[in-house]
Amino acid sequence: MARRKSPISEPHPHRFRITRNKTYFYVEGRKAAEREVGRKDCITWRCYVHLPTGVNGKMGLKRTAVYGGTSEECKQKAEALARSAPFVLDVNLHQARIGLETIAAKDFAWALAAHEDPNNSLSTSIKRAKSAALPTVRQLAEQAIQRKASLNKNTNSDRAHLSKLEWAVSHKDGKFKLGRLKVDEVTQSHLVAWVTTVTNHVSKHTGQTLSEHSVELAIALVKVAWNELLHDEEQAKCFDSLRFDSLGSLFRRATPREVDRRLLDIDKLLTVADAASSPQEAGVLALLLMGLRMNEVGAVRWEDVTTDEHGRLWVEPIGSTSASRRQWRPRTKPGWRENRTIPVSDFQRQMLDLARQAGGEFVCGPSPCSSSDVAKIFQDLSRRAGVCWSKGDHCKFLRHTVLSTVSEVAGELVAEQWGHQKHRDTMLSRVYDLRQVRAKRRAARQNLFANGTCASDLLPWATRTFARPHSKSG
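A quick note: this is a predicted structure, and the numbers were derived from the prediction, not measured.

A. Region of the structure containing the sheet that holds strand S13 (residues 342-343). Ordered in space as S9-S10-S13, the 3 strands form an open sheet in which the pairing is antiparallel. Only two strands of the sheet have a single neighbouring strand rather than two, namely strand S9 (305-307) and S13. Relative to S13, strand S10 (residues 313-315) runs antiparallel, the two being bridged by 2 bridges. Residue Val315 lies in a different strand from S13, and its bridge partner there is Ile342.

B. Unusual backbone geometry, seen in detail. Despite not being glycine, Asn451 shows a phi value in the positive range, around 55°. One can find Asn451 in the loop between strand S14 (449-450) and strand S15 (453-454).

C. Main features of the packing of aromatic side chains. One pass over the structure, following the stated rule, counts 3 aromatic pairs. Seen in terms of ring centroids, Phe347 and Phe466 are 6.3 Å apart; in terms of plane orientation they differ by 70°. Their pairing is edge-to-face. Of this pair, Phe347 sits in helix H13 (residues 346-356) while Phe466 sits in the segment after S15; the two residues are 119 residues apart in sequence, bridging distant segments of the chain. Residue Phe347 is classed as buried on the basis of its relative accessible area, which comes to 0%. A cation over a ring is seen here: Arg63 above Tyr48, with NZ or CZ 3.8 Å from the ring centre. The positively charged end of Arg464 is found above the aromatic ring belonging to Phe347, 5.7 Å away from the centroid.

D. Broad picture of the pattern of salt bridges. For the coordinates displayed, the defined rule picks out 22 salt bridges. Notably, a salt bridge pairs Arg293 with Glu296, separated by 3.2 Å at the nearest N-O pair. Note on Glu296: relative accessible area 0%, which makes it buried. Close ionic contact of Asp380 with Lys376 constitutes a salt bridge, the shortest N to O distance being 3.1 Å. Of this pair, Asp380 and Lys376 are both found in helix H14 (residues 371-385), 4 residues apart, which corresponds to roughly one turn of the helix.

E. Layout of the pairing of strand S2 (residues 23-28). Two elements, strand S1 (residues 12-20) and S2, share 6 bridges in a ladder whose sense is antiparallel. What sits directly across from Thr19, in S2, is Tyr24. Following S1, the chain reverses through 2 residues before pairing antiparallel with S2; Asn21 in that reversal takes a positive phi of roughly 55°.

F. Local environment of the nonpolar core. By size, the foremost hydrophobic cluster in this structure holds 57 residues, and its most contacted members are Val406 and Trp418. Counting only elements with at least two residues in this core, the list comes to helix H10 (266-274), helix H11 (279-288), helix H12 (294-297), S10, H13, H14, helix H15 (398-410) and helix H16 (412-419). Among the elements that line this core, the one with the most residues is H11, at 6 residues. Ignoring any residue separated from it by four or fewer positions in sequence, one finds Trp418 in contact with Met290, Arg340, Ile342, Pro343, Val402, Leu403, Val406, Leu448, Ala455, Ser456 and Leu459. Judged by nonpolar contacts, the second largest core, of 32 residues, contains Val169, Ala193, Val198 and Phe251.

G. Representation of the packing of H11 against H13. Taken N-terminus to C-terminus, the directions of H11 and H13 make an angle of 145°; their axes are 7 Å apart at the nearest point. Crossing of H11 against H13: the hand is left-handed. Judged by residue contacts, Pro279, Ala282, Gly283, Leu285 and Ala286 of H11 engage Gln348, Met351, Leu352, Leu354 and Ala355 from H13. Residue composition of the contact of H11 with H13, by class: 8 nonpolar, 2 polar and no charged.

H. Structural context of H15. Taking 1.5 Å per residue as the helical rise, H15 with its 13 residues ought to reach 18 Å, and the 18 Å between its terminal C-alpha atoms agrees with that figure. All of the buried residues along H15 are Leu398, Arg399, His400, Thr401, Val402, Leu403, Thr405, Val406 and Ala410. Turning to H15, the residues buried within the fold contact H10, H11, H14, H16 and S14. Gly411, located one to two residues past H15, shows a positive phi value of around 105°.

I. Highlighting the packing of helix H7 (residues 188-200) against helix H8 (residues 212-226). Where H7 contacts H8, the axes come no closer than 10 Å and their chain directions differ by 150°. On the basis of the axis angle, H7 is roughly antiparallel to H8. Pair H7 / H8 crosses with right-handed handedness. Contacts from Leu191, Trp194, Val195, Val198 and Thr199 of H7 reach H8 at Val215, Ala218, Ile219 and Val222. Residue composition of the contact of H7 with H8, grouped by class: 8 nonpolar, 1 polar and no charged.

J. Expanded view of the environment of Gln379. Considering the arrangement of structural elements, one finds Gln379 in helix H14. Judged by its relative accessible area of 41%, Gln379 falls in the partly exposed class. Here the alpha-carbon distance between Gln379 and Val272, two residues 107 residues apart in the chain, equals 9.2 Å.

So, how was this worked out
Residues numbered from 1 in each chain as written. Predicted model: local features only at pLDDT ≥ 70, side-chain atom pairs only at ≥ 80, totals over all residues. Heavy atoms only, no water. Pairing = 2+ DSSP bridges. Helix = DSSP H or I, 4+ residues; strand = E, 2+ residues; numbered from the N terminus. Phe/Tyr/Trp six-rings, centres within 6.5 Å; stacked < 30°, edge-to-face > 60°. Buried < 20%, exposed > 50% of the residue type's maximum accessible area, 1.4 Å probe, protein only. Lys NZ or Arg CZ within 6 Å of the ring centre and 35° of its normal. Salt bridge = Lys/Arg side-chain N within 4 Å of Asp/Glu carboxyl O. Core = buried A, V, L, I, M, F, W, Y, C linked by side-chain atoms within 4.5 Å. Contact = heavy atoms within 4.5 Å. Axes fitted to C-alpha atoms, helices over the stretch in contact; angles between N-to-C directions. Left-handed = near helix turned anticlockwise from the far one by under 90°. Nonpolar A, V, L, I, M, F, W, Y, C, P; charged D, E, K, R; others polar. Expected span 1.5 Å × (residues − 1). Parallel < 35°, antiparallel > 145°, perpendicular 65-115°, else oblique.

Take a look at the structure:
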């Protein structure tokens, strides 16, 4: 009788499912399946592996059956079992030579039983290894922060909310920490429980729950972290397991948040404006009186100040400054693609003439100014002008003061166009280049006229004369 050339036999179909008359049953063996009538599907393959074994010092070979869902899986399991045996076989299996210490019979039996356990099968082991390689939510968040930092984006908010991922959260399956869960372990119920915990958290410093804005920023951190899954093909399979658009009802209150947007006294504002003596101060006040946001004021470049065919100046905000690094970035709150353009009154034109003497790229100086820089300049000018503001007054309310004044003199529709200039067509999804943006803004200037008069000419400071300071030139 010829000896086997390989310790592993070829896999063969073993267990079949017979489907007949919309019912099914199982049989073992090809011959048993051939005797039955109906559709036959092989669901289990079997092969044999000859393993050396030692009992009481005697060596022998034991034929062991190995099963798998497919022929390939069955063979892979048999090969893995053969490699795990602590013996070395010769080519013809004529004898078994000890390569390691003799294994005890009970240990060998345990190895066989463990390998036949479905929890220790090859496919399960591969699945477990892939799961172990997946990142946690905390690791994704840190990866997202590093990516934003590499793009020179502000990450202060994300870092501030990073610790919330380590808060203990009660769940129906027990307590968990969102940041320590693997991405394939996170479910929508985990996310809902975490948002609920963050919403109801009482601050030790204030004794109050977090604001809606703080909760939104915390959720934004998890959302930007979850988007990191799309950069990896294997991890992207977990992306659709969470939804972030259904969380608003967990933390938003039924009544809208009241915002105190007080109006500043116009006479006091103009007194402060008259006190401007340097090019930077003149540039800051001129832009503030246009109703620009504080982070837009310091980002206006001279190339954003244009003249139309009638000699009128227009400012077209394109960028803003980051709060932490004082860096210019090509976007504003309403979006750089929006056709927002603002007319300049003659009073402000005179202030811009002084600001232009400083030279440089920006209206407010050679480099961008942050919101805190703008606030400090306004405070210094107020002090120099002898203007005392009421408690709570701040130059950030100057924008609302200007828009309210435009509404009074030119109407609400003009004021809305002045402050936002949102597109009213379906072209927002297009990616415009700067040339197209400029063209759309020129076309939108007609929205800033009331009865044929530009809204800037109707403002109470339009006809004022800016008293240029007597300073040495150069």
